[in-house]
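Listed below, chain by chain, are the residues.
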Amino acid sequence: MKIVRVQDIIGTEREVHGPGWTSRRMLLKKDGMGFSFHETIIPAGAELNLWYKHHLEAVYCVAGNGKILDKATGEVHEITDGTLYALDKHDQHTLYGGTEDMRLICAFNPPVTGQEVHDEDGAYLPDTSED
């Protein structure tokens, strides 16, 4: 059994920052669960162009607000506490922070290894290490 407390991750190598986001990586590939699990903070007013070409992601908003633009359809969806979105087709999207910081709970498959940051396309590179 694993017990992970977000307060124990803050300020460690499992708290990763990038322009417009902070990711607290609670479960990683090395934890052996088959997915990674993160708490991600998107500051109010942020704009992130993302495209997880190598990962599927499910995201559940537990605080704050924002919007997501599906680049394939042009549709914009509101994100508030209690909203889940799933990027089940490696969807290109833009995530917009709203009037307050968003706190998102995210699951990635395949799991991330821990220090990934977005490349020029907004993607994490695939993990090529051996299990």
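For the protein chain, the name recorded in an unreviewed UniProt entry is L-ectoine synthase, with Marinobacter nauticus as its organism. The UniProt entry for the protein chain carries the following comment under Catalytic activity (unreviewed entry): "(2S)-4-acetamido-2-aminobutanoate = L-ectoine + H2O". UniProt, in the comment section headed Sequence similarities (unreviewed entry), describes the protein chain in these words: "Belongs to the ectoine synthase family."

*Asks:* Before we go on, may I ask you to explain the pairing of strand β5 (residues 56-63) in this structure?
*Replies:* Strand residues, when the strand is regular, have side chains that alternate between the two faces of the sheet. With seven bridges connecting them, β5 and strand β10 (residues 102-109) associate as antiparallel partners. Among the inter-strand pairings, Glu-57 is bridged to a residue of β10, identified as Phe-108. By the bridge criterion, four bridges tie β5 to strand β8 (residues 84-87) in an arrangement that is antiparallel. When the bridges of β8 are listed, Glu-57 appears paired with Leu-87.

Thresholds applied
Here, residues in each chain are numbered from 1, in the same order as that chain's written sequence. Where totals are concerned, whole chains, interfaces and linings use all residues; where local detail is concerned, this predicted model gives features only for residues with pLDDT of at least 70, and gives and counts side-chain atom pairs only at 80 or more. Only hydrogens and water are set aside; all other atoms, that is, all heavy atoms of the structure, feed into the side-chain values. UniProt positions are given in the numbering used here, feature names are shortened, and annotations may be inferred rather than shown by experiment. Paired strands, in this sense, are two strands between which DSSP finds at least two bridges. By the criteria applied, helices consist of DSSP H or I runs no shorter than four residues and strands consist of E runs no shorter than two, each listed in order from the N terminus.

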